Amino acid sequence: MDAEERDAFRDYVLGRSRALLRTAYLITGNRTDAEDLLQTSLAKTYLAWGRIRERENVDAYVRRVMVNTHTSLWRRRKVDESPMEFVPERAGRDATADLDLHDALWAALETLPKKMRAAVVLRYYEDLPEAEVAQILGCSVGTVKSQVSRALVKLRTNAGLTDDPRAALPAALTNGAH
Amino acid sequence: MSPLDDELRSALDARAEHLVPRSDPMAGIEARARGIQRRRQALTSGGVAAAVLVVAVAVPLATRGDDRAPVVAVTGTASPTVTTTDLPTGTPTPVSTVSPTPTPTPTPTPTPTPTLASPTPAASPTAVSPTRPASPAASPTAGGSTGPTPRPPASPTPTRSVVPPPPTSGGAKAIYYVGEANGAPRLYREFRRVADASPAGILRTMMSGKPLDPDYSSLWPAGSSVTSATLSGDVLTVQLNDVALRGSAGSEFACLTVEQLVWTATAAEPRAKRVRVVGPDGAGVVAEWWGVGCGSDEPMARHTPSYEVLAPVQISSHNHGDPVSATFTLSGEATVFEAVVSWSVADRSTGAVLAEGFATASAGAPSRGTWKTVVTLTGGTAGQQLELRAWEASAQDGSVRSLDTKAVRVAG
C-alpha cells in the first residue's frame, strides 16, 4: 500500500469508525467484542484496500466482512447459563416505560442466533433495503425476509410483549410466506 | 409498519448512540492486518501441497496403509469425553518411504494485497526449487502408495545417519498457548523444558515465556505470575498475582486464556481434575476475568467438547526450530473428519515439497485422536530449512483447513 492509499484508508477509518463501531456493538452485544470485531474487519479491509476502494461500496464490504467474521467466530459456550442471564443492567431505577421496553428488547436481542441478529441490526439500525442486507449476509432476499420476520416474533415473545398477540405476527407470516 | 419496528429502531439507536471509537485505530488495524496476512501466506503455501495432493486423494484409500499410525495409548488427565495425551510421542513406527515430490506447479498468486511493513514469513510461496530434478514422471504419491500414476525410479537412499530424537521427547512439560485455527482462537500445545517442574513453575513458564512457534502467542500481561498452586482433593487452586488479572483481549481470546491455564495446570498436575483460579485475596476471578467474564468462579474442568477449545490439528513431535534427521517420526493430535490428517514437508525457501502423505488418527471427529507417521526425506541437505505441515483437507473442496506448521532444519 502506498502512502496515498494508506491516507485514503486512514481517512475512511477515521470518518466511518463511529458508525461501524455502533453496528459492531449491536451485532455483538458488548463493547469489547465490538472493538475486536471492528478491528479484525478493518484489518481485512486494509488488506483488500487496493482492490475494493475504487470499485466497491466500502461500507458494504466492511459490513459483509464484519458479519461473516462474527458468525464464523468461535463463541465460548457458557455452561449453565440461560439467555436471561444476559439481561443488561437497567438504565435507571426511575426508567420510563420506554427505557424498560428498550431494555427488554435488548435482552431479547441477545437470544437471537447471530445471523438473525445481524439481519435485524442491518435492517432496523442501518435501515438497509432487504436486497442489500441479503448481499451482506450472502443469502437470498426471501431468506432475509423470513429471518427478520422470525426475529420479530422471537423478540416480541422474549421481550414479553404479549398484550397484542395479533401484532406479534408480521405480515409475512400471516400471509403464509413462512 | 408495526409499532414493534419503531420500538426496535429506537431501542437500537438508544443503545448505540453513546459509543465512541478510540482516537487512532490505525496502529491496531495494521498490526492485525500483518497477522492475518501471515496466516494467509501460510495457508497459501499449504494450498500448493493440497492442490498437488488432489491426485493422491483419488487413489484408493487402502493404499494409505503404510501411513496408518498405530493407536497410541492415551493418558487420563482429560475429562471423560476428551481423548488426549500430554505426553510427548516419539516411538518409531515401521518406516514408510515417501518418494520425493517435485512441485512444478507454479504457485497461484493470492489476491493482490498491499505490501506491509513487516517481514513476511519464510513460508512465502515462491518458485520451484532449482535443485530438484524436473522429472516428468514425478507425481504426488502419498504414503508409498502405488496409485495409477507412475512413480519416479528408485529414490536415492538417504545417506545421513539418524540423529537423536528432538529434545521435546523427555522431561518436557506440556504448555498450552493461544493460536488460531480457521479464524477462531484455539489452544495449541508445546512441550517445553522447564527449570521448575512443579505445577506453579510450569504455569509461571506459561505466563512469562513466549511460545517457540511464532504462530502462537501469549496474551498474559508482562509480570503475570502464579503465587501458588495447591492441590486439595481433585481441585488445584491456582493463585495469581495482581498483574495477571489485568489482561486485555477480546472476550474470545480472554476466555481462552482461562482455558489455557486450566489445560496447562491439569497437564502439570495429573491428579487435578478441576482448577480454581483465585486472585491475591483468595477470591475467584474467572467471573470477572479481564473485564469480560468467563463463566463462574466455581472450579473449572477442561472445557468439553474439546474441539471448541483445542486446535483441530496439532503437531506434537516437533517444536519450532528443532532439528530433523533424514528419517523421523512426525506425530500429533487431531480432531478431524474421518480421522484423516494430511501432512507434508516442504523447503521453506523454495516451497518444494520433499515428502507428503496422510496419517490416520486414532479417532475421528468429534473425538480427539493421535496420529503418527514416519517421514523419510530424500535429498535433504544439512542445514536446509524445512517446514512441517499438518492439516485437514476440507471434505467439501479439499482446501487446507486447520493448518499447523513447524519450521525445522535438517540436522548435520
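Our subject is the structure that appears above.
Bear in mind that the values here come from a model prediction, so they are computed numbers and not experimental data.

Quick notes on the rules
Residues numbered from 1 in each chain as written. Chains lettered and ligands numbered in written order. Predicted model: local features only at pLDDT ≥ 70, side-chain atom pairs only at ≥ 80, totals over all residues. Contact = placed C-beta atoms within 7 Å. Helix = DSSP H or I, 4+ residues; strand = E, 2+ residues; numbered from the N terminus. Nonpolar A, V, L, I, M, F, W, Y, C, P; charged D, E, K, R; others polar. Core = buried A, V, L, I, M, F, W, Y, C linked by C-beta atoms within 7 Å. Buried ≥ 20, exposed ≤ 12 C-beta atoms within 10 Å, placed from the backbone. Arc of directions from axis to C-beta. Pairing = 2+ DSSP bridges. Axes fitted to C-alpha atoms, helices over the stretch in contact; angles between N-to-C directions. Bend = angle between axes of the 7 residues up to and from the residue.

Student: What should I look at first to understand the interface of chain B and chain A in this one?
Tutor: Interface size, as often reported, equals the accessible area lost upon joining of the parts. At the junction of the two partners, chain B supplies 40 residues and chain A supplies 43 residues. Put simply, the parts of the chain that give the side of chain B that touches chain A at least two residues each are helix H1 (3-16), helix H2 (26-58), strand S2 (184-192) and helix H4 (251-268) of chain B. If you tally residues by element for the side of chain B that touches chain A, the top one is H1 of chain B, at 10 residues. Here the side of chain B that touches chain A is composed, by residue class, of 21 nonpolar, 11 polar and 8 charged.

Student: Looking at this structure, how should I read the nonpolar core?
Tutor: General note: in soluble globular proteins, nonpolar side chains tend to be found buried as a group. Ranked by internal contacts, the top residues of the largest apolar core, which has 84 residues, are Leu187, Leu203, Val238, Ala265, Val275, Trp289 and Val341 of chain B. In this structure, Val341 of chain B is in contact with Val313, Ala334, Val336, Phe358, Ala359, Ala361, Trp371, Ala390 and Glu392 of chain B, ignoring residues within four places of it in sequence. If you look at the next biggest cluster of nonpolar residues, it comprises 49 residues, including Tyr25, Val120 and Tyr124 of chain A together with Ala33 of chain B.

Student: What is the right way to read helix H7 (residues 130-137) of chain A from this model?
Tutor: Because each turn of an α-helix spans 3.6 residues, side chains separated by three or four positions end up pointing in the same direction. Where H7 of chain A is concerned, the buried positions are Val133, Ala134, Ile136 and Leu137 of chain A. Down the axis of H7 of chain A, the sector holding all buried residues measures 165°, keeping them to one side.

Student: Help me understand the sheet that holds strand S3 (residues 226-232) of chain B in this model?
Tutor: Hydrogen bonds between backbone atoms are what pair the strands of a sheet, whose relative direction is either parallel or antiparallel. Residues and elements named next belong to chain B. Ordered by their spatial adjacency, 3 strands build an open sheet running S3-S4-S5, and the pairing between neighbours is mixed. The sheet is open, and its two borders are formed by S3 and strand S5 (274-278), each paired with just one other strand. Between one strand axis and the next, the sheet turns through 20° on average, direction left out of account. Helix H3 (residues 199-208) contacts S3 and strand S4 (235-240) of the sheet and is inclined by roughly 140° relative to S3. Contacting S3, S4 and S5, H4 runs over the sheet at an angle of about 125° to S5.

Student: Is there a simple way to think about helix H1 (residues 3-28) of chain A in this case?
Tutor: Residue and element names in this part refer to chain A. At Arg16, H1 shows its largest bend, some 55°. Restricting attention to buried positions, one finds in H1 the residues Phe9, Val13, Ser17, Leu20, Leu21, Arg22, Thr23, Ala24, Tyr25, Leu26, Ile27 and Thr28. Residue Gly29 follows H1 closely and has a positive phi angle near 95°.

Student: Whenever I open this one, the pairing of strand S10 (residues 353-360) of chain B confuses me. Can you help?
Tutor: Residue and element names in this part refer to chain B. Burial within S10 is extensive, with 8 of its 8 residues counted as buried. Where strand S9 (residues 340-347) meets S10, 7 bridges bridge the pair, whose relative direction is antiparallel. Bridging across to S10, Val345 finds its partner in Ala355. The loop that links S9 with its antiparallel partner S10 comprises 5 residues; one of these, Gly351, has a positive phi angle of about 80°.

Student: What is the right way to look at the sheet that holds strand S6 (residues 313-315) of chain B in this model?
Tutor: Residues and elements named next belong to chain B. Pairing in this open sheet of 3 strands is antiparallel, and the strands run S6-S8-S11 from one edge to the other. Each having just a single partner strand, S6 and strand S11 (369-376) make up the two edges of the open sheet. Shown here is a sheet whose adjacent strand axes are inclined to one another by a mean of 25°, direction ignored. Pairing geometry for strand S8 (residues 327-334) and S11, over 8 bridges, is antiparallel. Bridge assignment links Ala334 to a residue of S11, and that residue is Gly369.

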